[in-house]
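Observations on the three-dimensional arrangement
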Amino acid sequence: MKNNNSLELFERAKQIIPGGVNSPVRAFKSVGLNPPFIKSAKGSRITDEDGNEYIDYVCSWGPMILGHAREEVVDAVVKAAAEGTSFGAPTEKEVRLAELVCEAVPSVEMVRMVSSGTEAVMSAIRLARGFTGRDKILKFEGCYHGHSDGLLVKAGSGALTTGVPDSAGVPPDYAKNTLTAAYNDTDGVENIIKKYGDELAAVILEPVAGNMGVVPPRMEFLKALRDLTLRYGILLIFDEVITGFRVSYSGAQGYYGIRPDLTVFGKIIGGGMPVGAYGGRKDIMSKVSPAGPVYQAGTLSGNPVAMAAGIKTLEILRDNPSIYTEIEKKAKRLEEAFLNASRKYSTPCVVNRVGSLLSAFFTGERVVDFKTATKSDTNRFARYFAGMLERGIYTAPSQYEAMFVSYAHSDEDIEKTAQAIHEAFSI
Ligand SMILES: *Cc1c(COP(=O)(O)O)cnc(C)c1O
């Protein structure tokens, strides 16, 4: 790392952008380092402003499942841009992406495009409230659903189920309609639903949690949520912003065989462009404006350039199902590397993996929820992270994020990464 361009850019950025970044985790605060500024990316590699090249396991936090700047996707984007970047009027591409989503995910009978995961979740919650006429929602500790007010809520202290704001600027009045429960705690959630069932519009969760590190769901937990929500007339919302088109082409719901009422998408659905979507049962989706009374709109919703990237990405995934087995195999190889290094250097580490999504937690205890995730040794993580970065491996700068494997990662990339893991555990 001979140049200082990233550092200079970071100093400049901090003068005029809060914290120097446009999304907090990019600032590398939790690992105590300065972030490389990225200049370009191709396939499995990203290159920073100082000329360092890294094997990338952030993959833009999930969207780049085919790798960076995949030729067919870039061509589709360029062609769409040349035909006009925005019309504010309906286009064929929106219909095609909607058809692809509905074909891929059977529970989604109708879908509305928006521009981010946050916007999609926020709209799905409004729809659930409009459909049921109820105000409260239930979420799970450690699940992230974007930064809208009602979802920036954490568990209250003690036995209190009612949430409290998890950010300055969120009125407690909003937070009080968000109840929280522990992930994978079937008894806990059953008690809450038995008590508040008639007031709940929706139960929302990441069907595989990806924002406290990867935490797979217990099958009985998912089944119980489906049964309880049906019994109490509550809508079950799967936030598949990470898992959609990742865990399988039909998402986590296809993988586990659970049919939610509404599903939220983001990340992969836009193929690296800003797209979010929410969809589900036709009788519910028909309540969205202008078909129904639940208002939701967007100047750049269904943007043709963004749609082009999403369409091409989904078509490639649909036509090449072996992509999923390939990326899973590579993720499994990384899982083994973590476990071998953990044994060899007597460094406590558990790996959670679902398909190509994985996290290595620096703890000796099984990680099944937020409480067990936060038992991880984050200082040890920071040392591991710095060791990986020095060896040209770019992973998420936080213990509580997933590692994303893409189809562009070669066997050689994986072996190089496995070696780096080994070395990073030895320091
Ligand atoms: C990333 C993410 C979101 C928010 O999506 P944005 O596009 O960042 O607004 C919502 N839910 C989950 C599960 C996510 O991982």
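Since we're looking at a predicted model, the values are computed, not measured.

So, the packing of aromatic side chains
Under the criterion given, the structure shown has 18 aromatic pairs. Here Phe245 and Tyr249 contribute two aromatic rings whose centre-to-centre distance is 5.4 Å and whose plane-to-plane angle is 65°, an arrangement assigned as edge-to-face. The exposure class assigned to Tyr249 is buried, which follows from its relative accessible area of 17%. Three or more aromatic residues joined by ring pairs form one cluster here, namely Phe28, Tyr54, Phe338, Phe362, Phe381, Tyr384, Phe385, Tyr394 and Phe425. Over the ring of Phe425 we find Arg380; its NZ or CZ atom is 5.9 Å from the centre of that ring.

Focus: the nonpolar core
The biggest cluster of nonpolar side chains holds 66 residues, and the ones touching the most others in it are Phe245, Ile269, Leu314, Leu317, Phe338 and Tyr384. There are two domains that each give this core at least three residues, and those are domain 1 (4-69 + 321-425) and domain 2 (71-319). When neighbours within four sequence positions are excluded, Phe338 is seen to be in contact with Cys349, Val351, Leu358, Ala360, Tyr384, Met403, Ile421 and Phe425. Leu138, Leu179, Phe221 and Ile258 belong to the second-largest nonpolar core, a separate cluster that totals 42 residues.

Focus: the site of the ligand
In the neighbourhood of the ligand, the contacting residues comprise Ser116, Gly117, Thr118, Tyr144, His145, Gly146, Glu206, Asn211, Asp239, Val241, Ile242 and Lys267. Between the ligand and Gly117, the relevant distance is 2.9 Å, taken from an oxygen atom to a main-chain nitrogen or oxygen of the residue. A distance of 3.3 Å separates a nitrogen atom of the ligand from a polar atom in the backbone of Tyr144. For the ligand, whose unbound accessible area comes to 380 Å², protein coverage reaches 82%.

Examining the packing of helix 3 (residues 92-104) against helix 10 (residues 304-319)
To characterise two packed helices, one gives the angle between the axes of the helices and the distance between these axes. In contact at an axis separation of 9 Å, helix 3 and helix 10 are set at 35° when each is read in the N-to-C sense. Once helix 3 is placed against helix 10, the crossing between them reads as left-handed. Contacts between helix 3 and helix 10 involve Lys93, Glu94, Arg96, Leu97, Leu100, Val101 and Glu103 from the former and Pro304, Met307, Ala308, Gly310, Ile311, Leu314, Glu315 and Arg318 from the latter. Across the contact of helix 3 with helix 10, the residue classes break down as eight nonpolar, one polar and six charged.

Overview of the environment of Leu9
Tracing the backbone through its elements, the reader meets Leu9 in helix 1 (residues 5-16). Along the backbone, Leu9 and Tyr400 are 391 residues apart, and their C-alpha atoms lie at a distance of 26 Å. Setting aside residues no more than four positions away along its own chain, Leu9 makes contact with Phe37 and Glu49.

Comments concerning the sheet that holds strand 12 (residues 276-280)
With respect to topology, seven strands assemble into an open sheet ordered 4-12-11-10-9-5-8, the strand pairing being mixed. Each end of this open sheet is capped by a strand with a single partner; those strands are strand 4 (110-114) and strand 8 (178-181). Adjacent strand axes in the sheet meet at a mean angle of 20°, parallel and antiparallel pairs treated alike. Sheet topology places strand 4 next to strand 12; five bridges connect them, and they run antiparallel. When the bridges of strand 12 are listed, Met110 appears paired with Gly280.

Thoughts on the side chain of Lys136
Checked against the element boundaries, Lys136 lands in strand 5 (residues 136-140). Sequence-distant contacts of Lys136, that is, excluding residues within four places in its chain, are made with Lys176, Asn177, Leu179, Tyr196, Glu199, Leu200, Ala201 and Ala202.

Describing helix 14 (residues 411-426)
Relative to the 22 Å expected for 16 residues at 1.5 Å per residue, helix 14 spans 23 Å between its end C-alpha atoms, a close match to the ideal helical length. Buried residues of helix 14: Asp413, Ile414, Thr417, Ala418, Ala420, Ile421, Ala424 and Phe425, and no others. Within helix 14, the buried residues cover an arc of 165° as seen down the axis, which keeps them to one side. Opposite the packed face of helix 14, turned more than 90 degrees from it, sit the exposed residues Asp411 and Glu412. Where helix 14 is buried, its residues touch strand 2 (45-48), strand 3 (53-56), helix 11 (322-344), helix 13 (378-390), strand 15 (393-394) and strand 16 (403-404).

Focus: the pairing of strand 14 (residues 357-361)
In terms of residue burial, strand 14 counts as a mostly covered element, since five of its five residues are buried. In this sheet, strand 14 lies alongside strand 13 (residues 350-354) in antiparallel orientation, the contact comprising five bridges. Its bridge partner lying in strand 14, Val354 is registered against Leu357. Between the antiparallel neighbours strand 13 and strand 14 lie two residues, among them Gly355 with a positive phi of about 60°.

Definitions and cut-offs
Residues numbered from 1 in each chain as written. Predicted model: local features only at pLDDT ≥ 70, side-chain atom pairs only at ≥ 80, totals over all residues. Heavy atoms only, no water. Phe/Tyr/Trp six-rings, centres within 6.5 Å; stacked < 30°, edge-to-face > 60°. Buried < 20%, exposed > 50% of the residue type's maximum accessible area, 1.4 Å probe, protein only. Lys NZ or Arg CZ within 6 Å of the ring centre and 35° of its normal. Core = buried A, V, L, I, M, F, W, Y, C linked by side-chain atoms within 4.5 Å. Domains from an automatic or database assignment. Contact = heavy atoms within 4.5 Å. Near = heavy atom within 4 Å. Polar contact = N/O pair within 3.5 Å; in protein donor to acceptor, adjacent residues only side chain to side chain. Areas by Shrake-Rupley, 256 points an atom, 1.4 Å probe, with all protein chains shown as cover. Axes fitted to C-alpha atoms, helices over the stretch in contact; angles between N-to-C directions. Helix = DSSP H or I, 4+ residues; strand = E, 2+ residues; numbered from the N terminus. Left-handed = near helix turned anticlockwise from the far one by under 90°. Nonpolar A, V, L, I, M, F, W, Y, C, P; charged D, E, K, R; others polar. Pairing = 2+ DSSP bridges. Expected span 1.5 Å × (residues − 1). Arc of directions from axis to C-beta.

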